[in-house]
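Survey of secondary and tertiary structure
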Amino acid sequence: MDYKDGAIEKREQLYEGKAKKVYATNDERFYIVSYKDDATAFNGQKKGTIVGKGVVNNRMSNFMMRLLEQEGVPTHFVEQLSDRETVVHRVEIVPLEVIVRNIAAGSLSQRLGLEEGTPLSCPVLEFCYKNDDLGDPMINNFHIYAMQLATREELAQIEEYAFKVNAFLQKRCAMAGVTLVDFKIEFGRDLSGRIILADEISPDTCRFWDSETGEKLDKDRFRRNLGGVEDAYAEIRRRLMGEE
Ligand code: TMP
Ligand code: ASP
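The following refers to the structure shown. Here the structure is a predicted model, which means the values were calculated and not measured.

Calculation rules
Residues numbered from 1 in each chain as written. Chains lettered and ligands numbered in written order. Predicted model: local features only at pLDDT ≥ 70, side-chain atom pairs only at ≥ 80, totals over all residues. Heavy atoms only, no water. Phe/Tyr/Trp six-rings, centres within 6.5 Å; stacked < 30°, edge-to-face > 60°. Helix = DSSP H or I, 4+ residues; strand = E, 2+ residues; numbered from the N terminus. Buried < 20%, exposed > 50% of the residue type's maximum accessible area, 1.4 Å probe, protein only. Lys NZ or Arg CZ within 6 Å of the ring centre and 35° of its normal. Pairing = 2+ DSSP bridges. Axes fitted to C-alpha atoms, helices over the stretch in contact; angles between N-to-C directions. Contact = heavy atoms within 4.5 Å. Near = heavy atom within 4 Å. Polar contact = N/O pair within 3.5 Å; in protein donor to acceptor, adjacent residues only side chain to side chain. Areas by Shrake-Rupley, 256 points an atom, 1.4 Å probe, with all protein chains shown as cover. Nonpolar A, V, L, I, M, F, W, Y, C, P; charged D, E, K, R; others polar. Core = buried A, V, L, I, M, F, W, Y, C linked by side-chain atoms within 4.5 Å.

**Notes on the packing of aromatic side chains**
Taken as a whole and judged by the stated rule, the model has 2 aromatic pairs. Taken together, a centroid distance of 6.3 Å and an interplanar angle of 25° make the contact between Tyr161 and Phe187 stacked. Of this pair, Tyr161 sits in helix α4 (residues 152–175) while Phe187 sits in strand β12 (residues 178–189), and the two are 26 residues apart along the sequence. Since its relative accessible area comes to 8%, Tyr161 is described here as buried. Lys46 extends its terminal NZ or CZ atom over the ring of Phe222, reaching a point 4.7 Å from the ring centre. Directly above the ring of Tyr145 sits Arg152, whose terminal nitrogen or CZ lies 4.1 Å from the centroid.

**Some words on unusual backbone geometry**
Positioned with a positive phi, Asn43 is a non-glycine residue whose angle comes to about 55°. Looking at where Asn43 falls in the secondary structure, it is placed in the loop between β4 (38–41) and β5 (46–49). With a phi angle near 55°, Asn225 is a residue other than glycine that sits in the positive phi range. By secondary structure assignment, the location of Asn225 is in the loop between α5 (220–223) and α6 (229–241).

**Concerning the sheet that holds strand β3 (residues 30–35)**
The strand order across the open sheet formed by 5 strands is β1-β2-β3-β7-β6, and the pairing between neighbours is antiparallel. Of all strands in the sheet, those bounded by a partner on one side alone are β1 (10–16) and β6 (77–80). Strand-to-strand twist of the sheet, defined as the mean angle between neighbouring strand axes without regard to direction, takes the value 30°. In this fold helix α1 (residues 53–70) packs onto β3, β6 and β7 (85–89), with an angle of close to 130° to the strand it touches most, β6.

**Focus: the site of ligand 1**
Every one of the 13 residues lining ligand 1 counts as a neighbour, but Arg101, Ser107, Asp182, Lys184 and Arg207 are closest to it. Between ligand 1 and Ser107, the relevant distance is 2.6 Å, taken from an oxygen atom to a side-chain nitrogen or oxygen of the residue. Note that an oxygen atom of ligand 1 is positioned 2.5 Å from one of the side-chain N or O atoms of Asp182. Against a free-state accessible area of 450 Å², the protein chains account for coverage of 76% of ligand 1. Among the secondary structure elements, those contributing two or more residues to the shell around ligand 1 are β9 (96–103), α2 (106–112), β12 and β14 (206–210). At 3 residues, β12 tops the list of elements feeding residues into the shell around ligand 1. For the shell around ligand 1, a count of residues per class yields 3 nonpolar, 3 polar and 7 charged.

**Some points on the site of ligand 2**
Inspection of the region around ligand 2 gives Lys18, Thr40, Ala41, Phe42, Asn43, Gly44, Lys219 and Arg223 as its neighbouring residues. Within the contact set of ligand 2, an oxygen atom lies 3.3 Å away from a backbone nitrogen or oxygen of Ala41. A total of 270 Å² of accessible area belongs to ligand 2 in isolation, and the protein chains cover 75% of it. Looking at the shell around ligand 2, its residues break down into 2 nonpolar, 3 polar and 3 charged.

**What about the side chain of Glu243?**
On the secondary structure map, Glu243 appears in the segment after α6. For Glu243, a relative accessible area of 17% gives the class buried. When near neighbours in sequence (up to four residues on either side) are disregarded, Glu243 contacts Arg59, Arg237 and Arg238.

**Notes on the nonpolar core**
In this structure, Leu96, Val165, Ile185, Leu197, Ile201, Phe208 and Leu240 are the most contacted members of the largest nonpolar core, which totals 50 residues. Those residues within four positions of Leu96 in sequence are excluded, and the remaining contacts are Phe127, Cys128, Lys130, Ile139, Ile144, Leu149, Leu155, Ile185 and Glu186. Counting residues in hydrophobic clusters, the runner-up holds 7 residues, among them Tyr3, Ile32, Val78 and Val87.

Everything listed here is a matter of geometry and, on its own, says nothing about what the molecule does.
Structure representation (structure tokens):
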């Protein structure tokens, strides 16, 4: 890839999501994402701000994606421009939330009546259809084929990458005294049609529990009004990235 350091300039805003903005650039192969401190939960019904969240999420996503590339998972990451802004490969997002769970929590606990914290005997892969109007309903692979959200080949690739991301993140978390409960990732098709990891990997999109105390070090502190949200983001940044 002939990406030249410093040669990418921000152009018009293409999209504003709940946590990020996406900009076109002077090069059609690249976008710039900008991470906000805005926080929402329950499909946007709860709104707030987590001071400094955009910085943590930008830096942590880039940190993890750089390492995942070395593990054989292609990602959209190109270059971090600043604390909140990153150059990424332009992709068309596959409209799926890909969730991997190691321990029962959140909506799985509610749906299946499993107490939060119950270990799952093997990782569970779930898909939700990314559609805010419908509240991101859970779907299975047959819905995905029938609605032509992804081909069989693409979904096989997505599954392989999702489990690789899980194995990598579990290992990384264990080194830092953190239990990876579950997480959500998204994939995109790059300009050549290849499936690559996109969106973010952050305390907004993962459940991280302190391995000793079980303390929540992620966005559940915001979702559930537990307090100490900023401190939890700072703590997980320090543990997983060694940054103060
Ligand atoms: P859930 O238990 O609420 O379904 O969440 C599973 C995981 O997905 C958890 O790590 C939080 C993450 N997640 C998102 O990143 N975005 C969302 O909109 C939701 C509902 C969950
Ligand atoms: N950010 C998501 C929303 O507002 C939900 C979540 O992360 O819990 O829909």
